[in-house]
Amino acid sequence: MNLPQFLAELESLSTEASASFGAAADAAALEAARIEFLGAANGRLKSTQKGLGAVAKEDKPAAGKRFNQVKSEIEAAFVAAQERLNSVGATKKEARQFDPTLPGDRLWLGRLHPITQTIEELKDIMARLGFSPADGPEIEDEYHNFEALNIPAEHPARDPLDNFYLSAAAKQEPGVGRQGSAGRPLLLRSQTSTVQIRVMEKTQPPVRIISLGRVYRPDAADATHYPMFHQMEGLLIDRQVTMADLKSVLRMFATSYLGEDVHVRFRPSFFPFTEPSVEADMHWHDRWIEFGGAGMVDPNVLRAVGYDPEVFSGFAFGLGIERLCMRRHGITDIREFYRNDVRFLSQF
Ligand code: DAH
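Note that the coordinates shown come from a computational prediction; the quantities given were computed from them, not determined experimentally.

Here is what the cut-offs are and how they apply
- Residues numbered from 1 in each chain as written.
- Predicted model: local features only at pLDDT ≥ 70, side-chain atom pairs only at ≥ 80, totals over all residues.
- Heavy atoms only, no water.
- Helix = DSSP H or I, 4+ residues; strand = E, 2+ residues; numbered from the N terminus.
- Rg over C-alpha atoms; globule rule 2.2 N^0.38 Å.
- Buried < 20%, exposed > 50% of the residue type's maximum accessible area, 1.4 Å probe, protein only.
- Contact = heavy atoms within 4.5 Å.
- Domains from an automatic or database assignment.
- Expected span 1.5 Å × (residues − 1).
- Arc of directions from axis to C-beta.
- Axes fitted to C-alpha atoms, helices over the stretch in contact; angles between N-to-C directions.
- Parallel < 35°, antiparallel > 145°, perpendicular 65-115°, else oblique.
- Nonpolar A, V, L, I, M, F, W, Y, C, P; charged D, E, K, R; others polar.
- pLDDT = per-residue confidence, 0-100.

## Some points on the overall build of the protein
So, step 1. Of regular secondary structure, the protein possesses eleven helices and ten strands.
So, step 2. Relative to the 2.2 N^0.38 estimate, which gives 20 Å for 348 residues, the radius of gyration of the protein is 44 Å and therefore markedly larger than a compact globule would have.
So, step 3. On the principal axes, the C-alpha backbone points of the protein span a range of 130 × 55 × 40 Å.
So, step 4. Looking at the protein residue by residue over its 348 residues, the buried ones come to 41%.
So, step 5. The long-range fraction of contacts in the protein, counting pairs at least 24 apart against all pairs at least 6 apart in sequence, stands at 62%.

Below, the structure written as structure tokens:
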């Protein structure tokens, strides 16, 4: 084989290889072409290389140089074809994953629990009437839950069957409680009135607070009872406070929460920590509902926190938050609040 023949063979090999690689439509076709041209055992490049031995000695350097160039060209053509197929594959895959005709993914937005929303709203209304929020513990001692509120030891409200007493007791504080060295019994507070005492112990009048939070009573759950519920307590202490002030505040509160068409009425009642005491009802959309207890703070309560009942007087009230929220939204079963069913919760 002379040099021109060898070079011509290389030329056609290069052209054919690029054409085959360029035409390969998928990975299998490209692989077949690779074996045909670049195969290590029987590839056509390999067999052409054998022709190099037949070239005249003085022509070998030129023939070898060209052979190496053609080898690089063919390899480059193969790599280019490989890259072309890869990018086509990726685009096809992307196209399969993104279908612009499908509806978009729906994003679910969380929301506040209806009781939390009600609490925020009640705080807001009461803030406009000048009441600031105050907090107290949910685990209470008998002194704050009963005694300081003028509920004596033999009062039926202290019955262990009507309260969640805890088996653990707090350490005895000197002068407080009735349990001697065994420590003071603790219970889950049964009313937010406890916060009245805690605030008055720490502050001098005038006092104008509300306290919203959980209270606990061992009631069997039904449509109107639940062993845990929420109350809003209100307390105002100042000079010359009267029941007319109490009624005005409750009426303004009720109309702010439900609307101008609400009427508020008082029925005589009894609570150990108020004298006189009333049951407050509101009339809205043709129905009366009881929304809580209220009254003028009993002088004994004022004395328990070191206030002088000859100088200061005040009123207090305690309302059920679930009940208010149920009335406003037409909810008929208190248990709905605590089932955690999003079909219910997402309506608020
Ligand atoms: N603590 C009472 C209850 O849970 C409600 C109540 C009545 C609170 C009269 C008061 C009040 O502050 O003055 O039933």
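## Points about the domain arrangement of the protein
So, step 1. Partitioning the protein into domains gives domain 1 (3-97) and domain 2 (114-345).
So, step 2. Computed over C-alpha atoms, the centres of domain 1 and domain 2 are 90 Å apart.

## Notes on helix α2 (residues 27-38)
So, step 1. Given a rise of 1.5 Å per residue, twelve residues ought to cover 16 Å, and the 15 Å separating the end C-alpha atoms of α2 matches this to within 8%.
So, step 2. Within α2, burial applies to Leu30, Ala33 and Phe37. Relative to the axis of α2, the buried residues are bounded by an arc of 60° and lie together on one face. The exposed residues of α2 that point more than 90 degrees off its buried face are Ala27 and Ala28.

## Some points on the packing of helix α1 (residues 3-23) against helix α4 (residues 60-97)
So, step 1. Interaxial distance between α1 and α4 falls to 9 Å at its minimum, and their mutual angle equals 5°. As far as their axial angle goes, α4 and α1 are roughly parallel. Along its contact with α1, which presents Leu3, Phe6, Leu7, Leu10, Glu11, Leu13, Ser14, Ala17, Ser18, Phe21 and Gly22, the element α4 presents Ala62, Ala63, Arg66, Phe67, Val70, Glu73, Ile74, Ala77, Phe78, Ala81 and Arg84.
So, step 2. Split by residue class, the contact of α1 with α4 holds 15 nonpolar, three polar and four charged.

## Considerations on the confidence of the model for the protein
So, step 1. Looking at the protein as a whole, the pLDDT averages 91, with 96% of positions reaching at least 70.
So, step 2. Counting interchain partners and residues more than four positions distant, the pLDDT-below-50 stretch residues 177-181 has nine contacts.

## Overview of the environment of Leu7
So, step 1. Relative to the helices and strands, Leu7 is located in helix α1.
So, step 2. With 83 residues separating them along the chain, Leu7 and Ala90 place their C-alpha atoms 39 Å apart.

## Topic: the packing of helix α8 (residues 243-258) against helix α10 (residues 321-329)
So, step 1. Two elements in contact, α8 and α10, have axes separated by 11 Å at closest approach and are oriented at 45°. What the angle tells us is that α8 and α10 run oblique. Residue-level contacts link Phe253, Tyr257 and Leu258 of α8 to Leu324, Cys325 and Arg328 of α10.
So, step 2. Across the contact of α8 with α10, the residue classes break down as five nonpolar, no polar and one charged.

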